[in-house]
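Structural characterization, general
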Amino acid sequence: MAMIISNEALTPQIYVMKVQGDYNGKMGQFYMLRSGMSYPLLPRPISIYDIGEHDISFLYRVVGEGTQQLSKLLPGQEILLEGPFGNGFPQVEGSLSLIGGGMGTAPLLLAAKRYPHAHVYLGFAEQSFGVEAFQAVAASVQVKIGGSIVELVNPAHYKYMFSCGPTPMLQALALQTVGTSSRLYISTERHMACGIGACLGCTIRTRTGNRRVCKEGPVFPVEEVEFDDLHGM
Amino acid sequence: MISMACNIAGVSMKNPIIMASGTYGFGREYKEYVAPTLLGGIVGKGLTLHPKDGNQGVRINETASGLLNSVGLENPGVVAFLKEELDEMTRWDTAVIANIGGANLEEYVQAVALITENAQKRRTMNRRGVDMLELNISCPNVKQGGMQFGVQTEMARDVVRQVRNVTTLPLVVKLSPNAENITEMAVMCEKEGADGVSLINTFSAMKIDIRRRRSVFENTYAGLSGPAIKPIALRMVHQVAQAVSIPVIGIGGISSVEDIIEFTMAGAAAIQIGTYNFVQLRAGAELVEGLEEWMQREKVNSLDEIRGII
């Protein structure tokens, strides 16, 4: 159990929760969070948003009853969390862009801190959130509300690209990257139960066989991913 | 002096807490959170003769106090299990139970024969092999095989009989709550030489994605587990335990020490933890420790004192 320091709404549906304690984790990894209530049963996989000296933060959207419950927790209350899980984004050298769509911006903040020279592209459907956190650490941040953020990105300019967001956005970016030498890594999402690779509930089909999003992922080189398997999740 | 030890079909276990198939991988993933040696036993991921990719689409979906799964028996196959997983599992001081599924009778028989042969070979080299088999005739999540055998007693009889013919290993049959008559099924297993029965597997169930106007799962139906099914599992364990003299292993939504006691009072010789492993990463350690504390507090020296008292 860990104590919640703050749990603020950035928009009516988007929250940032800060939890007290010394936690570790790499960019793109996640923790399993649970309010401690008996329902819903399962913890929720939430990517690490930020790590401070004695705290860890999670940016999350209220989508179902699990996240609804998380959003009702108050500072001083306790939460169960386990992690860090998953592989995270790779360590790279050279030009890098970070492309996030909506909630997919969350796992990119640690990468922006780790690579201040990276160009950041943030796309939102209707309302932006969390942009200031990127502006505070990145040299370049471009934001687009409505339309496709991918249109602003020229993959040929980057040796590496890290991206997270809705599947159509990731697929558009993948198509745009074809024929360039840029290496694109994308973070995927799936319903999870155990979070540690035991239940095979989050398995996706890739070009190299079945892979567990919680264990071999959530980050995959784009050439491994079968987008057909990601749609409709 | 408190003892949690139990004996299932000749296999001694330090406590009655066994990790259920499909919820614990082959134990490796959990070992940094729960020392395998704390546990009574581990049932490995359901195995088939040949490797299986499992189902496409959504595999996991949460429901009120329960979990729907449609993993579809994704597994590396018996040969890869024996080669890549068994060595590590047998290094742990905990019972190693192999759960076997099949698309047809021959697959069951061949898979069990391979594991038995492997156990015998290892024994001649003074090495541990699989300690016990759990025959899965009750997986609702594969189109072919699995549950079709577990619904009708006469169909299940063939599988149990033929498998019994090719193995000397302790054999437990995992029963389906979807069986036409689970008590009759258990009695049949005993008659055919099974050393125990474990119950229940998941209920065939469903969830609809109203936005997309289709079932959430590619196979339409999925298996329901978790606290939602516990009272029904308990009733079934109680009925079966009264009808057979072989050990009954209770499974179904067990999520607390109190649940373990209830199943024991209903007649279970041991229990398996499934969905609760996902709720609480350290479920095994928590329950082993909690059970010991409960026994001390209640001055119960052995679970035999309360087993089947209802």
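**Points about the packing of helix H6 (residues 182–191) of chain B against helix H7 (residues 230–243) of chain B**
Helices that pack against each other are described as a pair by the angle of their axes relative to one another and the distance between those axes. Residue and element names in this part refer to chain B. The contact between H6 and H7 brings their axes to 9 Å, and the two run at 40°. By the criterion of interaxial angle, the relationship of H6 to H7 is oblique. For the crossing formed where H6 meets H7, the hand is right-handed. Across the interface between the two elements, Ile-182, Thr-183, Ala-186, Val-187 and Glu-190 from H6 touch Met-236, Gln-239, Val-240 and Ala-243 from H7. Partitioning the contact of H6 with H7 into residue classes produces 6 nonpolar, 2 polar and 1 charged.

**So, the side chain of Ser176(B)**
With respect to the secondary-structure elements, Ser176(B) resides in the loop between strand S9 (171–174) and H6. At 2.8 Å, the side chain of Ser176(B) and the backbone nitrogen of Asn178(B) are in polar contact.

**Description of helix H3 (residues 105–124) of chain B**
For an α-helix, the turn length of 3.6 residues means that residues three or four places apart are oriented alike. All names here are of chain B. Taking 1.5 Å as the rise per residue, H3 with 20 residues should run 28 Å; its terminal C-alpha atoms sit 29 Å apart, in good agreement. By the burial criterion, the buried members of H3 are Leu-105, Glu-107, Tyr-108, Val-109, Ala-111, Val-112, Ile-115, Thr-116, Asn-118, Ala-119 and Arg-122. The distance from a side-chain oxygen at the start of H3 to the backbone nitrogen of Glu-106 is 3.2 Å, and the residue carrying that oxygen is Asn-104.

**Overview of the environment of Arg122(B)**
Residues and elements named next belong to chain B. Relative to the helices and strands, Arg-122 resides in helix H3. Other than its neighbours up to four places away in sequence, Arg-122 contacts Leu-82, Leu-86, Asp-87, Thr-90, Arg-127, Arg-128 and Gly-129. A distance of 2.6 Å separates a polar side-chain atom of Arg-122 from the backbone oxygen of Arg-128.

**Remarks on the sheet that holds strand S4 (residues 41–43) of chain B**
In sheet architecture, strand pairing relies on hydrogen bonds along the backbone and comes in two forms, parallel and antiparallel. Residue and element names in this part refer to chain B. Taken in spatial order, the 8 strands close into a barrel running S3-S4-S7-S8-S9-S10-S15-S16, and their pairing is parallel. Taking the axes of each pair of neighbouring strands and ignoring which way they run, one obtains an average angle of 25° across the sheet. In this structure, strand S15 (residues 248–251) lies alongside strand S16 (residues 270–273), joined through 3 bridges in parallel fashion. Paired with Ile-251 across the strands is Gln-272, a residue of S16. Sitting on the sheet, H7 is in contact with strand S10 (196–199) and S15, with an inclination near 170° to S15.

**Thoughts on the pattern of salt bridges**
Counted under the stated rule, the structure contains 25 salt bridges over all chains. For the salt bridge of Arg212(A) with Glu29(B), the shortest nitrogen-to-oxygen distance reads 3.3 Å. Taken together, the positions of Arg212(A) in strand S13 (residues 209–212) and Glu29(B) in the loop between strand S3 (17–19) and S4 put the pair across two chains. Connected through salt bridges with shared partners, the residues Glu154(B), Arg157(B), Arg161(B) and Glu192(B) form a single ionic network.

**Quick notes on the confidence of the model for chain B**
Reading predicted coordinates in detail is not appropriate for stretches of low pLDDT. Here chain B averages 95 in pLDDT, and 97% of its residues register 70 or above. Model confidence for the complex: the whole-complex pTM is 0.94, and ipTM, which rates the interface, is 0.92.

**Focus on the packing of aromatic side chains**
Summed over the entire model, instances satisfying the criterion amount to 11 aromatic pairs over all chains. A ring pair is formed by Tyr121(A) and Tyr158(A), whose centres lie 6.3 Å apart and whose planes are at 80°; its orientation type is edge-to-face. Taken together, the residues span a long stretch of sequence, with Tyr121(A) in strand S8 (residues 119–124) and Tyr158(A) in the loop between strand S9 (140–145) and strand S10 (160–164) at a distance of 37 residues. Across this residue pair, the class does not change: Tyr121(A) and Tyr158(A) are buried. Geometrically, the ring pair formed by Tyr24(B) and Tyr30(B) is stacked, given 4.1 Å between the ring centres and 5° between the ring planes. Residue classification places Tyr24(B) among the buried positions, given a relative accessible area of 1%. The exposure class of Tyr30(B) is buried, given its relative accessible area of 1%. Here the aromatic residues Tyr23(A), Tyr31(A) and Phe58(A) are joined through ring pairs into a cluster of three or more.

Quick notes on the rules
- Residues numbered from 1 in each chain as written.
- Chains lettered and ligands numbered in written order.
- Predicted model: local features only at pLDDT ≥ 70, side-chain atom pairs only at ≥ 80, totals over all residues.
- Heavy atoms only, no water.
- Axes fitted to C-alpha atoms, helices over the stretch in contact; angles between N-to-C directions.
- Helix = DSSP H or I, 4+ residues; strand = E, 2+ residues; numbered from the N terminus.
- Parallel < 35°, antiparallel > 145°, perpendicular 65-115°, else oblique.
- Left-handed = near helix turned anticlockwise from the far one by under 90°.
- Contact = heavy atoms within 4.5 Å.
- Nonpolar A, V, L, I, M, F, W, Y, C, P; charged D, E, K, R; others polar.
- Polar contact = N/O pair within 3.5 Å; in protein donor to acceptor, adjacent residues only side chain to side chain.
- Expected span 1.5 Å × (residues − 1).
- Buried < 20%, exposed > 50% of the residue type's maximum accessible area, 1.4 Å probe, protein only.
- Pairing = 2+ DSSP bridges.
- Salt bridge = Lys/Arg side-chain N within 4 Å of Asp/Glu carboxyl O.
- pLDDT = per-residue confidence, 0-100.
- Phe/Tyr/Trp six-rings, centres within 6.5 Å; stacked < 30°, edge-to-face > 60°.

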